[in-house]
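# Breakdown of the fold
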Amino acid sequence: MHIENATVLITGANRGIGQAFAREALARGARKVYAAARDPASITLAGVEAVALDVTKPEQVAAAAARCSDVTLLVNNAGIALMGDFLADGAVEAARAQLETNYFGPLLLARAFAPVLKAHGGGAILNVLSVASWISSPVLAVYGSSKSAAWSLTNGLRHALRAQGTQVLGLHMGFVDTDLARGIEMPKSTPEEIVRAAFDGLAAGAEEVLGDALTRQVKQGLSAEPGVYLAEIRR
């Protein structure tokens, strides 16, 4: 699917990767870009239409689908990251919060917009995932479990929506220079690099985009001993 003349809805579009998605969609000739955020006043990018949307609230998701009934590309970008492992204080609460946003959010959006996309010939869904879908470390353990769930959701949606002609793409990446990764001392991609790779993959008909070298390395080594790749990441 190409971005030119598409109508795009991007969740979590007020900053970071979401804002980069909105900017690149405009640059590639999108017909309209809906930029969604919990606080629409936080959308500052010119040329987009701000939409109030908390992806954890079904009534707001339904309202967005009714308002944005011309969407041909849904970008499920909204996400949260709470660092820590499964035995830390507050781990259960952190898991619930991250699953609500990182898993149930995209699920609600996909269900609400599937009929909209079908009405416009199929369109596409792009889910923003993570290299943490495939590996675990103490700092990312709980977060990674929510992204693993979102990866499984993405694969399931691909099968469920194939008959209506909807392309479903999973975007995996390592660390990106955004507020989400602030304080993590690791090499980081820019949001713009990740977004360009995602839209190029979408145009090529891809089902999966590996946005950086770390992600490609980890994906290649999924059949190897996990400790090898965890040690590499910690260097």
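Up top is the structure.
Residues numbered from 1 in each chain as written. Predicted model: local features only at pLDDT ≥ 70, side-chain atom pairs only at ≥ 80, totals over all residues. Heavy atoms only, no water.

On to the overall build of the protein chain. Along its length, the protein chain carries seven helices and seven strands. Going from N to C terminus, the protein chain has its helices and strands arranged as β-α-β-β-α-β-α-β-α-β-α-β-α-α. Computed over C-alpha atoms, the radius of gyration of the protein chain comes to 17 Å, within 12% of the 18 Å expected from 2.2 N^0.38 for 235 residues, which places it in the range of a compact globule. Going through the 235 residues of the protein chain one by one, you find that 49% of them count as buried. Within the protein chain, residue pairs in contact and separated by at least 24 positions form 69% of the contacts whose partners lie at least 6 positions apart. As presented, the protein chain carries roughly 10,800 Å² of accessible surface, and 53% of it is formed by carbon and sulfur atoms. Charged side chains in the protein chain number 21 positive and 22 negative. The centres of these two groups are separated by 4 Å. (Helix = DSSP H or I, 4+ residues; strand = E, 2+ residues; numbered from the N terminus. Rg over C-alpha atoms; globule rule 2.2 N^0.38 Å. Buried < 20%, exposed > 50% of the residue type's maximum accessible area, 1.4 Å probe, protein only. Contact = heavy atoms within 4.5 Å. Areas by Shrake-Rupley, 256 points an atom, 1.4 Å probe, with all protein chains shown as cover. Lys, Arg positive; Asp, Glu negative; His and termini not counted. Charge placed at Lys NZ, Arg CZ, Asp CG, Glu CD.)

Phe21, Leu73, Leu126, Leu171 and Phe199 are the most contacted members of the largest nonpolar core, which has 31 residues in total. For Phe199, the residues in contact, after removing those within four places along its chain, are Ile3, Phe21, Glu24, Ala25, Arg28, Leu73 and Leu126. Within the second largest apolar cluster, 24 residues are counted, among which are Ala36, Leu53, Leu74 and Val116. (Core = buried A, V, L, I, M, F, W, Y, C linked by side-chain atoms within 4.5 Å.)

A complete count under the given rule lists three aromatic pairs for this structure. Between Phe21 and Phe199, the ring centres sit 5.3 Å apart and the planes meet at 65 degrees, which makes this aromatic pair edge-to-face. With Phe21 in helix H1 (residues 16–27) and Phe199 in helix H5 (residues 191–203), this pair connects stretches of sequence that are 178 residues apart. For the pair Tyr103 and Phe104, a centre-to-centre distance of 4.9 Å together with 75 degrees between the ring planes defines the contact as edge-to-face. Exposure remark for Tyr103: the relative accessible area of 21% places this residue in the partly exposed category. (Phe/Tyr/Trp six-rings, centres within 6.5 Å; stacked < 30°, edge-to-face > 60°.)

Before going further, it helps to spend a moment on the packing of helix H2 (residues 58–67) against helix H3 (residues 91–119). Each pair of packed helices can be summarised by the angle the axes make with each other and by the distance between the axes. Across the interface, H2 lies against H3 with an axial gap of 9 Å and an inter-helix angle of 20 degrees. Taken together, H2 and H3 sit at an angle that is classed as roughly parallel. Between H2 and H3 the crossing geometry is right-handed. For the pair formed by H2 and H3, the contact residues are Pro58, Val61, Ala64 and Ala65 on the first element and Leu108, Leu109, Ala112, Phe113 and Val116 on the second. Considered class by class, the residues forming the contact of H2 with H3 number nine nonpolar, no polar and no charged. (Axes fitted to C-alpha atoms, helices over the stretch in contact; angles between N-to-C directions. Parallel < 35°, antiparallel > 145°, perpendicular 65-115°, else oblique. Left-handed = near helix turned anticlockwise from the far one by under 90°. Nonpolar A, V, L, I, M, F, W, Y, C, P; charged D, E, K, R; others polar.)

So, about unusual backbone geometry. Phi at Asn5 is positive, roughly 70 degrees, even though this residue is not glycine. Here Asn5 lies in the segment before strand S1 (7–10). Classification of Asn5 by relative accessible area gives partly exposed; the value is 47%.

Of note, Thr101 is situated in helix H3. Sequence-distant contacts of Thr101, that is, excluding residues within four places in its chain, are made with Val55, Thr56, Ala78, Gly79, Ile80 and Pro106.

A separate point is H2. For H2, every residue scored as buried is listed here: Val61, Ala64 and Ala65. Down the axis of H2, the sector holding all buried residues measures 100 degrees, keeping them to one side. Exposed side chains of H2 directed beyond 90 degrees from the buried face belong to Glu59 and Ala66. Tucked inside the fold, the buried residues of H2 contact strand S3 (49–52) and H3. (Arc of directions from axis to C-beta.)

So, on to the sheet that holds strand S2 (residues 32–37). In spatial order, the strands read S3-S2-S1-S4-S5-S6-S7; together these seven strands make up an open sheet with parallel pairing. Two strands close off the open sheet at either side, each with one partner strand: S3 and strand S7 (208–210). Neighbour-to-neighbour, the strand axes of the sheet open up by a mean angle of 20 degrees, direction not taken into account. Pairing geometry for S2 and S3, over four bridges, is parallel. Following the sheet pairing, Ala35 is matched in S3 by Ala50. The sheet contacts of H2 involve S2 and S3, and relative to S3 the element is tilted by about 150 degrees. Set on the sheet, helix H4 (residues 141–161) makes contact with strand S5 (124–128), strand S6 (167–172) and S7; between it and S6 the angle comes to about 160 degrees. (Pairing = 2+ DSSP bridges.)

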